[in-house]
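Chain by chain, the residues:
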Amino acid sequence: MKRTIIALAALAMTAAGTITASAATDGQARIRKETVLTEWQFRRDHDMKADEGWEEVSIPHDWAISGPFSVENDLQVVAVIQNGEKEASRKTGRSGGLPYMGKGCYRRTIDMEGPVSGRKILLFDGAMSEARIYVNGEKVFEWPYGYNSFSCDVTDALHEGRNEIAVLLENRPFSSRWYPGAGLYRKVRLLEVPEVHVPVWGTFVTTPHVEKDYASVRISIPLEGAAEGDIFEFRTRIEDNDGNVVAERADSRAICHGDAAVQNLTVENPVLWSPESPALYTAVTEISRNGEAVDVIHTRFGIRTVEYIADKGFFLNGKRRVIKGVCLHHDLGPLGAAVNRSAIRHQLGMLKDMGCDAIRTSHNMPAEELVELCDEMGFMLMPETFDEWDVAKCENGYHRFFGEWAEKDVVNMVRHFRNSPSVIMWSIGNEVPTQRTSDGYKVASWLQSICHREDPTRAVTCGMDQFDAVVNNGFAAQLDLPGFNYKTRRYTIAYGKLPQNIILGSETASTVSSRGVYHLPGEAGSDGNVPENFDGLAGASKKHKDHQSSSYDTEYCYWSNIPDVDFAADEAYPWMAGQFVWTGFDYLGEPTPYDTDAWPNHSSMFGIIDLASIPKDRYYLYRSVWNTESPTLHVLPHWTWPGKEGRNIPVVVYTSYPAAELFINGVSQGVRKKECGDCSSWNGVLPSDRELMDRYRLVWPGTVYSPGEVKVVAYDSEGNPAEEKVVRTAGKPYCLNVKNMTEAYGGSAGNCCRNAGPQFVYLNVSVADREGNPVPADSRLVDVKVSGNGKFKAIANGDPTCLESFQEPRMHLFSGQLTVIVERGDEEGLPFTVEVSAKGLGKGRIIVNGL
């Protein structure tokens, strides 16, 4: 039996803070400082010496999200080889239809108030892309990969007085398969450290032995700028979440051949990190020489064990669990790629309520804010490196840099996040064409070896989609953890042929749906086919005349399946590590199945939650299976269908209860119970899609529409009524309602550090009739007005065909709803007010209290 044990810790970070950049005096030379460089000037070319034409911007900044949308933006005429295409076709909206291509320049000044001393380091969390860094007109550094973090020591280029920093970026056309964003879209910092210092991402905390009563903690501390033979004192204390010191150690050692100093401490009765209890510790290491302070570094970490055990699956802290994860693209919908901690917290809060416990950062290195929030909120994490290696997917993709830069990129990612307890594995790639080549396994082995060298405690995986190739050519066999994208019904073949005897669903489902849109029996699709009943609604790559996908959640891509199949695999196979669903949220670009000559589609339909952060029906299907702490009872579709009286409109219920009874206008339509029997009786062969639907959904396929009331009564395992849900036919639209969704999903900005960047509040706007019933199909234009201690930030409606600007305070409703995002003001404790209006409706108004 193969047994991999992984036990490790959290994100290496300096104590946060924003300070005025200045040169250190002799008395300050050993004090570590960090300045967040927020205010910059920007222009859309590379003329960094121009006197005019600059725009004042705040970083993080995405220069393309303001649009406008256009089919000509990065229009790609290509054959998508990994999808089996042999002839080129027009991929409209593939990268989101936004103007991310082209050149951009950012500049700002830094004043050194005296002679430059110590070391000055610029730390970029992400620059999209092909970054070139200039100091006082001289190029000092470059980093091509837009998704990675990097640092550059600019000390020797600085001088006393005013210094100009410039960053040149360029995004080439045909460089991405989705919307990458553009600009300095993650934070930029200036680090001021002493000559002898711990390097960026230098410390490495591991927990070699973990038991209930104690945990061994090993801290590796490298030093830069130290001379051979210099003797330093290292004093480390470990603090818990409340600041209590739980372990201390002090010792001295001489620097030898650049080796890192190592300290071993013991934490008694440790609180283990898990999604349910994300306990964190901080190691504070003070370094001195001859009694004088040299440097101090704070390293946040967690204590926990991770095991991938052949035939038995995934274990966290000694207990088997199945990963319930989602894939996330890096954009934040209407906010674009510009990172914001409160927006990420909002997303994670929604996923937490769904029962999700893991994130795959597809298909790139994550933002530091995401990793920190996963540590704090309790999400396991799979950071991913690349979407292509040495063989191209996109004409101007990463393959151009792979040979020279891949090792550097992997090293930066692993060192950046190897102390994070949320990270439970590394992914070295996604659906890379190299997997099909005869030497592909060598490239995978090389990348895996870099991960092992930098972090010997975690397993390495790769998202593989070429099943027959990788199972037979050695590619999958040499990975620590084989990750398969789709091919769920072939997992048993891989399990039988590969030596690891464990499988990860690295990407699953690819079910597509549009929130609030239902295609009914008797309605022709764009291919002219007319489904006769509910079963006929299911199928692969279905298209409709309205360019939307049905929220009956039975439509999927030709390479994938409905969610029920993946639920069944997780339940039936003890060797399954779990899954990462494609995707948690809709994202900009990849508008499958409307990706070929199908403009205006320009955003995905894969999301469980739409681009406006509004849950689709599918959210409640996953919640009914994954959230074991709070019951789920959800009914679809809505019950307002004017002109369709007497038509067959199937009713579906997603619930965590085992049975439910449906009533239409008081008349019982019968009781449905979850079927499919004990999965051990399947003998390793998953039942049909329709049979699995009956295991995870309750379906009344033959119901007939009559205006009035739909009521569902859920029954517990003893047959007793446990909960009920009522959906009524809406009357005439009467008014707009506004609801604070940030509070609803536990993501109140009050839980965020006030120095963590702008605080955003998400407000849901919907239409109701006079009785308060939702009006599900209203699409009128809504105007937004924000007053008080807040300002309008963005707006979205979740419609993948909508070309209206995210940046203007007005937008049409989609399926009766939209989302307004408001940025809180700086006046502590003061509220803001949002008023929404639409022709023919009563205004909606909400007051959001200050922090």
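This text follows the structure it describes.
The structure contained in this document is the topic of the report that follows. In this text the structure is predicted, and so the values were computed from the model without any measurement. (Residues numbered from 1 in each chain as written. Predicted model: local features only at pLDDT ≥ 70, side-chain atom pairs only at ≥ 80, totals over all residues. Heavy atoms only, no water.)

Here helix H1 (residues 341-354) spans 20 Å end to end across 14 residues, near enough to the 20 Å set by a 1.5 Å rise per residue. For H1, every residue scored as buried is listed here: Arg341, Ser342, Ala343, Ile344, Arg345, His346, Gln347, Leu348, Gly349, Met350, Leu351 and Met354. Buried positions along H1 lie against strand E24 (323-328), strand E25 (358-361), helix H2 (368-377), helix H8 (617-626), helix H10 (741-744) and strand E42 (760-768). Following H1 by one or two positions, Gly355 has its phi on the positive side, about 100°. (Helix = DSSP H or I, 4+ residues; strand = E, 2+ residues; numbered from the N terminus. Expected span 1.5 Å × (residues − 1). Buried < 20%, exposed > 50% of the residue type's maximum accessible area, 1.4 Å probe, protein only. Contact = heavy atoms within 4.5 Å.)

Judged by pairing direction, the sheet is antiparallel, and its four strands sit side by side in the order E17-E16-E19-E20 without closing on themselves. Two strands bound the open sheet, and with one partner strand each, they are strand E17 (245-254) and strand E20 (292-301). The average angle at which neighbouring strand axes cross in this sheet is 15°, direction not considered. (Pairing = 2+ DSSP bridges. Axes fitted to C-alpha atoms, helices over the stretch in contact; angles between N-to-C directions.)

Taken N-terminus to C-terminus, the directions of helix H7 (residues 563-572) and helix H9 (residues 689-696) make an angle of 75°; their axes are 9 Å apart at the nearest point. In terms of orientation, H7 lies roughly perpendicular with respect to H9. Facing Asp564, Val565, Phe567, Ala568 and Glu571 of H7, the residues of H9 in contact are Asp689, Leu692, Met693, Arg695 and Tyr696. Within the contact of H7 with H9, the residues separate by chemical class into six nonpolar, no polar and four charged. (Parallel < 35°, antiparallel > 145°, perpendicular 65-115°, else oblique. Nonpolar A, V, L, I, M, F, W, Y, C, P; charged D, E, K, R; others polar.)

Relative orientation of the contacting elements H1 and H2 amounts to 45°, with a least axis distance of 10 Å. When the axis of H1 is compared with that of H2, the two are oblique. In the crossing of H1 with H2, the sense of the turn from one axis to the other is right-handed. Of the residues in H2, those touching H1 at Arg341, Ile344, Arg345, Leu348, Gly349 and Lys352 are Glu369, Leu370, Glu372, Leu373, Cys374, Glu376 and Met377. For the contact of H1 with H2, the class distribution of residues is six nonpolar, one polar and six charged. (Left-handed = near helix turned anticlockwise from the far one by under 90°.)

Here we take up the sheet that holds strand E3 (residues 39-43). Taken in spatial order, the six strands line up as E4-E3-E7-E12-E9-E10 in an open sheet, and their pairing is antiparallel. Here the strands that pair on one side only, and so sit at the sheet edges, are strand E4 (55-58) and strand E10 (138-143). Adjacent strand axes in the sheet meet at a mean angle of 30°, parallel and antiparallel pairs treated alike. Note that strand E9 (residues 131-135) and strand E12 (residues 161-171) share four bridges and pair antiparallel. By the bridge assignment for E12, Tyr134 is matched with Ala166.

We now examine unusual backbone geometry. With omega at -5°, the peptide bond leading from Trp582 into Thr583 counts as cis. Looking at where Thr583 falls in the secondary structure, it is placed in the loop between strand E33 (576-582) and H8. Looking along the chain, the bond that leaves Trp599 and enters Pro600 is cis, with omega of 25°. Topologically, Pro600 is positioned in the loop between E33 and H8. Its identity as a non-glycine residue notwithstanding, Asp74 has a phi of 55°, on the positive side. Within the secondary structure layout, Asp74 lies in the loop between E4 and strand E5 (76-78).

We now examine the packing of aromatic side chains. As enumerated under the stated definition, the model contains 36 aromatic pairs in all. Ring centres of Tyr281 and Phe301 lie 5.9 Å apart, and the angle between their planes is 25°; on these two criteria the pair is classed as stacked. One end of the pair, Tyr281, is in strand E19 (residues 281-289); the other, Phe301, is in strand E20, with 20 residues separating them in the sequence. There is no split in this pair, since Tyr281 and Phe301 are both buried. Measuring from centroid to centroid gives 6.3 Å for Tyr518 and Trp641, while their planes differ by 70°, and the two rings are edge-to-face. (Phe/Tyr/Trp six-rings, centres within 6.5 Å; stacked < 30°, edge-to-face > 60°.)

In this section: the pattern of salt bridges. Going through the model one piece at a time under the given rule, you end up with 57 salt bridges. The closest approach of N and O atoms between Asp564 and Arg697, which form a salt bridge, is 2.7 Å. One end of the pair, Asp564, is in helix H7; the other, Arg697, is in the loop between H9 and strand E38 (698-700), with 133 residues separating them in the sequence. One connected set of salt bridges, linked through shared partners, spans Glu34, Asp125, Lys187, Arg189, Glu368 and Glu369. (Salt bridge = Lys/Arg side-chain N within 4 Å of Asp/Glu carboxyl O.)

H7 sits mainly inside the fold: eight of its 10 residues count as buried. Along H7, the residues classified as buried are Pro563, Asp564, Val565, Asp566, Phe567, Ala568, Ala569 and Asp570. In this structure, the buried residues of H7 make contact with E24, helix H6 (491-497), strand E30 (503-509), E33, H8 and H9.

Turning our eyes to something else, we now look at the nonpolar core. If you look at soluble globular proteins, the nonpolar side chains tend to sit buried side by side. Counting 212 residues, the largest nonpolar core has Leu351 and Trp389 as the members making the most contacts within it. The dominant element in this core, judged by the number of residues it contributes, is helix H3 (residues 402-417), at eight residues. With 24 residues, the next largest nonpolar core counts Val198, Val205, Ile238 and Ile255 among its residues. (Core = buried A, V, L, I, M, F, W, Y, C linked by side-chain atoms within 4.5 Å.)

Glancing now at the pairing of E30. Of all seven residues that make up E30, seven are buried, and the element is covered over most of its length. When strand E29 (residues 481-485) meets E30, the two strands line up parallel, connected through three bridges. Bridge pairing in E30 places Gly483 opposite Leu504. Regarding topology, H6 serves as the crossover connection from E29 to the parallel E30, and that connection is right-handed. Here five bridges tie E30 to E33, and the two strands are oriented parallel to one another. Counted as the bridge partner of Gly505 is Gln579 from E33. (Right-handed = clockwise from strand over helix to strand, strands pointing away.)

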